Amino acid sequence: MSLTEPKQNSYRIDEAGLHRFLVKLVQIRSINPPGNEGPVAAIMVEKLKSLGLKTQVIEAAPGRPNVIGRLIGTGNGPTLLLNGHMDVQPPSNHWTRDPFAAQVEGTQLYGQGAMDMKAGLAAIVYAIDSLQRAGQKLAGDVIVTAVADEVCGGHLGTGFLVAEGLVQADMAVVCEPTGDTVRVAHRGALWLEIEVTGKSAHGGRPWLGVNALSKAARIITALEDELVPSLQYKTHPLLPAPTINVGSLRGGTKVNLVADRAIFQIDRRMLPGEEVATAQSEIIELCAAISAADGEDWLVDVRQIMTVTPGEIDPEASIVKACQTAHAAITGEPAEIGSTAGFEDAHFLLDAGIPTAMYGPYRRTKPDQDPHFTNSGMADESVDLDDVARAARIYAQLMIDLLGEAQ
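The structure reproduced in this document is the subject of the present report. (Residues numbered from 1 in each chain as written. Predicted model: local features only at pLDDT ≥ 70, side-chain atom pairs only at ≥ 80, totals over all residues. Heavy atoms only, no water.)

Attention now moves to the overall build of the protein chain. In terms of helices and strands, the protein chain carries nine helices and 16 strands. Along the longest, intermediate and shortest principal axes, the C-alpha atoms of the protein chain span 80 × 45 × 40 Å. The proportion of buried residues among the 407 residues of the protein chain is 55%. Long-range contacts, defined here as pairs at least 24 residues apart, represent 80% of the contacts in the protein chain between residues at least 6 apart. As presented, the protein chain carries roughly 17100 Å² of accessible surface, and 51% of it is formed by carbon and sulfur atoms. One way to put it: in the protein chain the 33 positive side-chain charges average out to a point 6 Å from where the 50 negative ones average out. (Helix = DSSP H or I, 4+ residues; strand = E, 2+ residues; numbered from the N terminus. Buried < 20%, exposed > 50% of the residue type's maximum accessible area, 1.4 Å probe, protein only. Contact = heavy atoms within 4.5 Å. Areas by Shrake-Rupley, 256 points an atom, 1.4 Å probe, with all protein chains shown as cover. Lys, Arg positive; Asp, Glu negative; His and termini not counted. Charge placed at Lys NZ, Arg CZ, Asp CG, Glu CD.)

The following block contains the structure:
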């Protein structure tokens, strides 16, 4: 078979059912923080049980459920883990539609988390559904994990399941939206909160105080103008250089008082090979140098909020090649090797010794766009329903290829 001749399979995707299922998922406001993944978990459990999977719901914290579904094969094959997250980012202020109405226009479904990554959850479920409808039995086992907390680091989701020894597999796919690529690397993240303490005074006599907001502004300027350029020499063949984003800033109590306290949070992205301790030390040292060089008396404290280690797998790994093969079999086109500038749950599985690829063929990137572009997390996030159905077909093919048909 040539790459221009897509494979015709004996199974078919229930596209109408898939679309209805995805609409139900998107309509749930599982915004993280705080999470609210429970209603998504309930829908996932109901559907997985109907497909014959043995299911568990395990809370990492009150109200933070994780779903594990197990489709048991004949016992003569390996185990494949398919992973997706149930939480979504908070919607931005620029939506032109209700972000939780799951509005469909043509083949495009709009909604917060539609692409990232409730489409992936729906594609996993309906890939299994298609195999069941076709009477297709597998030799190996399939584990489905629908997890909490990914957009805030995954420590209450995939990280919790791995740490507690609740998932073991021979290989895994994190079903994030990757388009026509198989991702083999993602950056890590270091989230820090920096608190500046100054001295309050009346706004009419500001020289009697020390303005914490002004000092925080100096640190932010130094981070962007001095530290970020110095990080550009750190390179990776697939990933962009380390970045720093100032995500929030608050401080002061009243317009005519000198602000005696300011707090801001930053997101420092890391490449594979970078150490959290080193990245944090660079920022602590910069803050200390600015404070020491200032003639006024003020304090600065740097606190770690969350860390995600970078993740990377050999592009020649068998799970990566299997994703490429299944993609080509269904689409007739090759899947390139890629990466993501964000972070994903893959590192938890990779660190546990489970070979893991990142692959979700339901995202489109125009030829003239940044290869790291995605509309996930942006206003009017959307996914093409035809692409989600295609992803389900590819996942079904992947399961057959990797786990074998029962004899």
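Once you've had a look at it, read on.
Strands sit in the order E10-E11-E9-E12 across an open sheet of four strands; the sheet is antiparallel. Either end of the sheet is taken by a strand with one partner, and the two such strands are strand E10 (244-251) and strand E12 (299-308). Sheet twist, expressed as the mean angle between neighbouring strand axes with direction ignored, is 15°. (Pairing = 2+ DSSP bridges. Axes fitted to C-alpha atoms, helices over the stretch in contact; angles between N-to-C directions.)

The pairing of strands in a sheet comes from backbone hydrogen bonds and takes either a parallel or an antiparallel form. Pairing is antiparallel across the open sheet formed by three strands, whose spatial order is E4-E5-E16. Two strands in the sheet have a free side with no partner beyond their single neighbour: strand E4 (103-105) and strand E16 (382-384). If you compare each strand with its neighbour and ignore which way they point, the axes differ by 25° on average. Inspection of the sheet shows strand E5 (residues 108-110) paired to E16 by three bridges, in the antiparallel sense. Among the inter-strand pairings, leucine 109 is bridged to a residue of E16, identified as valine 383.

Counting through the fold element by element, valine 308 comes out in strand E12. The class for valine 308 is buried, based on a relative accessible area of 0%. Sequence separation between valine 308 and proline 33 is 275 residues, and the spatial gap between their C-alpha atoms is 17 Å.

Look at the link from asparagine 32 to proline 33: it is a cis peptide, with omega at 5°. Examined against the element boundaries, proline 33 turns out to sit in the loop between helix H1 (15-26) and helix H2 (38-50). Between proline 33 and proline 34 the backbone carries a cis peptide bond, its omega angle lying at 5°. With a phi angle near 55°, alanine 102 is a residue other than glycine that sits in the positive phi range. With respect to the secondary-structure elements, alanine 102 resides in the loop between strand E3 (79-85) and E4. Judged by its relative accessible area of 6%, alanine 102 falls in the buried class. Even without glycine at this site, aspartate 149 takes up a positive phi of about 75°.

Turning to the packing of helix H7 (residues 318-331) against helix H9 (residues 385-403), a few remarks are in order. One way to put it is that H7 packs onto H9 with a least axis distance of 9 Å and a crossing angle of 125°. With respect to each other, H7 and H9 are oriented oblique. The interaxial crossing formed by H7 with H9 has right-handed handedness. Residues Ile319, Ala322, Cys323, Thr325, Ala326, His327, Ala329, Ile330 and Thr331 of H7 pack against Arg390, Arg393, Ile394, Gln397, Leu398, Asp401 and Leu402 of H9. Considering only residue class, the contact of H7 with H9 consists of nine nonpolar, four polar and three charged. (Parallel < 35°, antiparallel > 145°, perpendicular 65-115°, else oblique. Left-handed = near helix turned anticlockwise from the far one by under 90°. Nonpolar A, V, L, I, M, F, W, Y, C, P; charged D, E, K, R; others polar.)

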